[in-house]
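Listed below are the residues making up each chain.
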Amino acid sequence: MDLPSIKNEDRYEALRDKGYSKEKSARIANSSHPGKKGGKAKPYEERTKEELYEQAKNVDIEGRSKMSKSELIHALRNN
């Protein structure tokens, strides 16, 4: 998979050094407000397995159909 061009190479490299995935580092490095929190979404633990599955589907996590709720949470947090 080709990564999109990186707008902030220094931020990207710092995130990679911290252990973030290439995809997550690129998303954050290309964000105009990376430190700003997003909406008012519930914590993963308060969501149903079906909600977590849909989120995993949206970010294309492989093997999601066989994952338990805790595995989905782990995969979403580490994607």
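Structure: above.
Residues numbered from 1 in each chain as written. Predicted model: local features only at pLDDT ≥ 70, side-chain atom pairs only at ≥ 80, totals over all residues. Heavy atoms only, no water.

Engineer: Sorry, what's going on with the overall build of the protein chain here?
Structural biologist: Regarding its fold elements, the protein chain presents 4 helices and 0 strands. Each helix (α) and strand (β) of the protein chain, taken in turn from the N terminus, gives the series α-α-α-α. Within the protein chain, the proportion of its 79 residues that are buried is 22%. Here the contacts in the protein chain between residues at least 6 apart in sequence split such that 22% fall between residues at least 24 apart. Accessible area of the protein chain: about 6100 Å², with a carbon and sulfur share of 46%. (Helix = DSSP H or I, 4+ residues; strand = E, 2+ residues; numbered from the N terminus. Buried < 20%, exposed > 50% of the residue type's maximum accessible area, 1.4 Å probe, protein only. Contact = heavy atoms within 4.5 Å. Areas by Shrake-Rupley, 256 points an atom, 1.4 Å probe, with all protein chains shown as cover.)

Engineer: Explanation requested: unusual backbone geometry in the structure shown.
Structural biologist: Peptide bonds are trans in most cases, and residues, glycine excluded, mostly fall at negative phi. At Asp 60, a position not held by glycine, the phi torsion is positive, near 60 degrees. Inspection of the secondary structure puts Asp 60 in the loop between helix H3 (49-58) and helix H4 (69-77). Among the residues examined, Asp 60 registers a relative accessible area of 57% and is labelled exposed.

Engineer: Please explain the packing of helix H1 (residues 9-17) against helix H2 (residues 22-29) as it appears in this structure.
Structural biologist: Helices that pack against each other are described as a pair by the angle of their axes relative to one another and the distance between those axes. Interhelical geometry of H1 versus H2 gives an angle of 145 degrees and a closest axis separation of 9 Å. Judged by the twist between their axes, the crossing of H1 over H2 is right-handed. Only Lys 22, Ser 25, Ala 26, Ile 28 and Ala 29 of H2 make contact with H1, whose side of the interface consists of Arg 11, Tyr 12, Leu 15 and Arg 16. Here the residues of the contact of H1 with H2 sort into 5 nonpolar, 1 polar and 3 charged. (Axes fitted to C-alpha atoms, helices over the stretch in contact; angles between N-to-C directions. Left-handed = near helix turned anticlockwise from the far one by under 90°. Nonpolar A, V, L, I, M, F, W, Y, C, P; charged D, E, K, R; others polar.)

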